[in-house]
Amino acid sequence: MSDPRAQILGSLRRALGREAPAADIAAGLERRLAEHPANLVPRRTDLPGAALIDLFVRMAEAVSTTVDRVPDAAAVPASVAEYLARHNLPTEIVMAPDPALDAIPWDSRPLLAITRGRAQGDDAASLTGAFAGIAETGTLMLLSGPGHPTTLNFLPDTHVVVLRASQVVGPYEEAWRRLRARADGGMPRTVNLVTGPSRTGDIELKIQLGAHGPRRLHIVLIDDAPRP
Amino acid sequence: MQATSRAFKENAGAALNDPRLQRALGNLRTGFQERRRAAVAGLPEFERLRDEGRAIKDHTLANLDWYLERWEANVRAAGGHVHWCRTAAEARDAILGICRAVGARSMTKGKSMIAEEIALNGFLAEHGIEPVETDLGEYIIQLRDEPPSHIIAPAIHLTRDDVEATFREHHDELPAGRPLAEPRQLTDEARAMLRRKFLAADVGLTGANFLVAETGSSIIVTNEGNGDLTQTLPKVHIVLASLEKVVPTLEDAATILRLLARSATGQEFSSYTTISTGPRRPEDLDGPEQYHVVLLDNGRSAMLGTEFQDMLRCIRCSACLNHCPVYSAVGGHAYGWVYPGPMGAVLTPGLIGVEEAGHLPNASTFCGRCESVCPMKIPLPKMMRHWRERQVERGLAPAVARWGIGLWAFLAARPALYGLAARLGAGLLGRLGRRRGRFGSLPLAGGWTDVRDLPAPEGGTFRDRWAARRRQGGR
């Protein structure tokens, strides 16, 4: 008896009425993977820079993400501290060990008790960067890596994300383009596309936020590079 | 899971007479149909995206062997493992083998219909591994020892009261007098109970909405975040996927993702779409040390190249269930196996045999709403008809139906005889029913008259009246 892999591939080929694809067909399939052409991209995101950022904010808010727009990185610590205070949350926050976040002047808010690392089961709030914001659906694109442990996105009740306006793209296809263009190349272990806080409709289809992941998702958006 | 599809008629009868179930099913219209309509209206390109989604899947299916091999090579390049499994038994053994290799005692699970298909939970429990469902709906029905009744809302057959009673019974370590009347309180209680399980699990198992050939990735789409905790916290992540889930590129996945959430829950995009590629990298601070994909055939390759191939485009969105008058009336359990509604009526005979599931393709009004809302434009009614044809070919249709159709076919091919028979039949029934104008019961017609009267014919046959009208110069 041949192995299951050979049997499955064999039955697929019998069903398709051929052996492995002919050389010219296979070359076409190779090309499709190498060039990964875009399919129809909705026109929703065909917008000039500032309007695209506005679309991102509008779509994010439509799924119960909150957004605070700040003029520069220096304004981030106060924004985070005020957000935590507004929701009566403790000032302890576990932050991704991300060099880009270290550049923010956290010392300006000494009451924020920041630890760096991955999240544990009882951390109340986390703070991370993001790889991109996708305006089409108000989605955050978060890549796992040493500077962004995935647990920070899911375990704490509150997830705060620092995003720069220059990181906002229109459709998913533009986000894939940036993903492939990263310096270190290759796929990270996980790409998390996050659109609003955790939710469920499993009891009578009534939507509840905070099923297993964060109850609150908050974006501090730095208006760093208004595009024309 | 043991199929009870043979008992569809009895199951359906019981469901129609179950007032609690009927109340729960009443949520379908506002919960799914109206939300989908609004989401589709919000994307002008939706119809064209359906055509593109169908073309992507057709292209992939036509080259499925090539794309699977390429996907597998990329999984391995990223440090993952692929286990090819022909049958449910092979898939269960592969999963058990992975669990045993790491000495696993508990497994958290994201929602996976294929795990239902291979009856994984009972098998794991028999072998000393505790399976923990983490999707809220799946968790509720696991406590109740019930199968899911819907492919994305597994506990839709239950009301809030049912869930409260279930939690009070099973969470007996919590104070008896705690408030638990609101969905919010129920959700919070499940969150707290499951948080411990997430942190303690040795293995996490998820399904897959897509496998991406280009990158060797698997993609899951969830709203609760349970799938992400399931695959991030334990040492081992197992993806259980059937082989038709593969798409060529991330661009192709994006196109179908635009269709999926809108068709399913009416969301623009689900809360969490997660693309996973291999195990944790050496410098990562979290994530699983092993990444396995258990790739299941279980009858799907036998559908390729047949009149049922189009069913392999299905992305399990549930739009066909949510818009089906039969599903809305009887719910998912009546279908008697894993996949209910129109997609189940086509898929189930393909996976467990038309002998077992022959009732399902007959449980349709052929109204066509399923096909009209299917994001992948799967011709569901046509395929149900193909199954009916196979039933007749194999002599599986009930004798009365076969004789009846045979007699009708004989007459229909002989117009003069047909006209005579129709005239005799209509005349006889008309005379018998003249007094009441309707029949409360008729021999061989119990399927009709058990639930409603049959009006008695009045006057001549249609053909006679048509001919008379033509003679009078009418139209």
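Since this is a predicted model, take the numbers as computed values, not measurements.

Each value, and the rule that gives it
Numbers given for residues are sequential positions, taken from 1 along each chain in its written order. As a convention, the first chain written is A and the first ligand written is 1, with the rest following in written order. Where totals are concerned, whole chains, interfaces and linings use all residues; where local detail is concerned, this predicted model gives features only for residues with pLDDT of at least 70, and gives and counts side-chain atom pairs only at 80 or more. To get the side-chain values, take all heavy atoms of the structure and skip hydrogens and water. Here the nonpolar core consists of buried residues drawn from Ala, Val, Leu, Ile, Met, Phe, Trp, Tyr and Cys, with membership extended through side-chain atoms lying within 4.5 Å. Buried, partly exposed and exposed residues are distinguished by accessible area as a fraction of the type maximum, computed with a 1.4 Å probe on protein chains only: under 20%, between the cut-offs, and over 50%, respectively. Numbering of helices and strands starts at the N terminus; helices are DSSP runs of H or I of at least 4 residues and strands are runs of E of at least 2. Every residue pair with non-hydrogen atoms within 4.5 Å of one another is taken to be in contact. All axes are obtained by fitting lines to C-alpha atoms, using only the stretch in contact for helices, and the reported angles, taken between N-to-C directions, cover 0 to 180 degrees. Here roughly perpendicular refers to angles of 65 to 115 degrees, roughly parallel to angles under 35, roughly antiparallel to angles over 145, and oblique to all remaining angles. Ten residue types, Ala, Val, Leu, Ile, Met, Phe, Trp, Tyr, Cys and Pro, are classed as nonpolar, four, Asp, Glu, Lys and Arg, as charged, and the remainder, Gly among them, as polar. Domain boundaries shown here were taken from an automatic or database domain assignment. Two strands are counted as paired when DSSP detects at least two bridges linking them. By buried area we mean the combined loss of accessible area, with a 1.4 Å probe, across both parts when two parts are placed together. Here, a salt bridge means any side-chain nitrogen of Lys or Arg that lies within 4 Å of a carboxyl oxygen of Asp or Glu. We define a polar contact as two N or O atoms separated by no more than 3.5 Å, with the added condition that, inside protein, one atom must be a possible hydrogen donor and the other a possible acceptor, whereas residues neighbouring each other in sequence contribute only through side-chain atom pairs.

Caption draft 1: Up close: the nonpolar core. Formed by 133 residues in total, the largest nonpolar core has its most connected members in Met141 of chain A together with Trp71, Ile95, Ile238, Met311 and Tyr339 of chain B. It is helix H13 (residues 250-264) of chain B that contributes the most residues to this core, eight residues altogether. In contact with isoleucine 95 of chain B, not counting residues within four places along its chain, are Met107, Ile118, Leu120, Leu124, Leu205, Ile238, Leu240 and Val294 of chain B. The next biggest cluster of nonpolar side chains, apart from the first, holds 66 residues, and it includes Phe56, Tyr83 and Val160 of chain A together with Tyr139 of chain B.

Caption draft 2: Examining the packing of helix H1 (residues 4-16) of chain A against helix H5 (residues 64-77) of chain B more closely. Remark: H1 of chain A packs on H5 of chain B, axes separated minimally by 9 Å, with the N-to-C direction vectors making an angle of 150°. One finds that H1 of chain A runs roughly antiparallel with respect to H5 of chain B. Note on element contacts: H5 of chain B touches H1 of chain A through Leu64, Asp65, Leu68, Glu69 and Glu72 of chain B, opposite Arg5, Leu9, Leu12, Arg13 and Leu16 of chain A. Of the residues belonging to the contact of H1 of chain A with H5 of chain B, the class tally is five nonpolar, no polar and five charged.

Caption draft 3: Just the domain arrangement of chain A, in detail. Split into domains, chain A comes out as domain 1 (1-37) and domain 2 (48-222). Once you take the C-alpha centre of each, domain 1 of chain A and domain 2 of chain A turn out to be 41 Å apart.

Caption draft 4: Quick look at the sheet that holds strand S6 (residues 139-143) of chain A. Strand order in the open sheet formed by eight strands is S8(A)-S5(A)-S6(A)-S9(A)-S9(B)-S6(B)-S5(B)-S8(B), and the pairing between neighbours is mixed. Edge positions in the open sheet fall to strand S8 (168-169) of chain A together with strand S8 (246-247) of chain B, since each of these has one partner strand only. Direction of pairing for strand S5 (residues 132-134) of chain A relative to S8 of chain A: parallel, over a ladder of two bridges. Across the sheet, the residue bridging to isoleucine 134 of chain A is valine 169 of chain A, located in S8 of chain A.

Caption draft 5: Quick peek at the side chain of arginine 316 of chain B. Topologically, arginine 316 of chain B is positioned in the loop between strand S10 (290-296) and helix H14 (319-322). Those residues in contact with arginine 316 of chain B, other than ones at most four positions away along the chain, are Ile151, Ile152, Glu244, Lys245, Arg300, Tyr339, Met343 and Leu347 of chain B.

Caption draft 6: View of the interface of chain B and chain A. The interface is formed by 100 residues belonging to chain B together with 82 residues belonging to chain A. Across the chain B/chain A interface, buried area totals approximately 7600 Å², and carbon plus sulfur atoms make up 57% of it. The largest share of the area that chain B buries against chain A comes from Arg86, Arg191 and Glu251 of chain B, three residues that together contribute 10% of it. Put simply, chain B and chain A have 14 salt bridges between them. For the salt bridge of glutamate 251 of chain B with arginine 180 of chain A, the shortest nitrogen-to-oxygen distance reads 2.9 Å. For the side of chain B that touches chain A, the element with the highest residue contribution is helix H11 (residues 183-200) of chain B, accounting for 11 residues. Looking at the side of chain B that touches chain A residue by residue, the classes come out as 41 nonpolar, 29 polar and 30 charged.

Caption draft 7: Structural detail: the pattern of salt bridges. Using the criterion set out here, one finds 50 salt bridges over all chains in the structure. The partner of aspartate 252 of chain B in a salt bridge is arginine 32 of chain A, and the shortest N-O contact between them spans 2.9 Å. Of the two residues, aspartate 252 of chain B sits in helix H13 while arginine 32 of chain A sits in helix H2 (residues 23-35), which places them in two different chains. In this structure, glutamate 268 of chain B and arginine 44 of chain A form a salt bridge, with 2.7 Å as the shortest nitrogen-oxygen distance. Taken together, the residues span two chains, with glutamate 268 of chain B in the loop between H13 and strand S9 (272-276) and arginine 44 of chain A in the loop between H2 and helix H3 (49-62). What emerges from the salt-bridge pattern is a single network uniting Arg5, Arg13 and Arg18 of chain A together with Asp65, Glu69, Glu72 and Arg76 of chain B.

Caption draft 8: Up close: the domain arrangement of chain B. For chain B, the domain assignment lists domain 1 (43-296) and domain 2 (417-471). When each unit is reduced to the centre of its C-alpha atoms, the spacing between domain 1 of chain B and domain 2 of chain B is 55 Å.

Caption draft 9: Fine view of the sheet that holds strand S1 (residues 81-85) of chain B. Residues and elements named next belong to chain B. The strand order across the open sheet built from six strands is S1-S10-S7-S4-S2-S3, with neighbouring strands paired in parallel fashion. With one partner strand each, in any of the chains shown, S1 and strand S3 (130-133) form the two edges of the open sheet. With strand direction ignored, the average angle separating the axes of adjacent strands in the sheet is 20°. The pairing of strand S4 (residues 203-206) with strand S7 (residues 236-242) spans four bridges and is parallel. Paired with valine 203 across the two strands is valine 236, which belongs to S7. Running at roughly 145° to S1, H5 makes contact with S1 and S10 of the sheet. Strands in contact with helix H6 (residues 88-101) are S1, strand S2 (106-109), S4, S7 and S10; relative to S10, the strand with the most contacts, it is inclined by about 170°.

Caption draft 10: Expanded view of helix H9 (residues 136-144) of chain B. Residues and elements named next belong to chain B. For H9, the buried fraction is high: seven of the nine residues fall into the buried class. Buried within H9 are the following residues: Leu136, Gly137, Glu138, Tyr139, Ile140, Ile141 and Leu143. You can read the cap of H9 off the contacts: a side-chain oxygen lies 3.1 Å from the backbone nitrogen of glycine 137, and it is on aspartate 135. Looking one or two places after H9, you find aspartate 145, whose phi comes out positive at around 55°.

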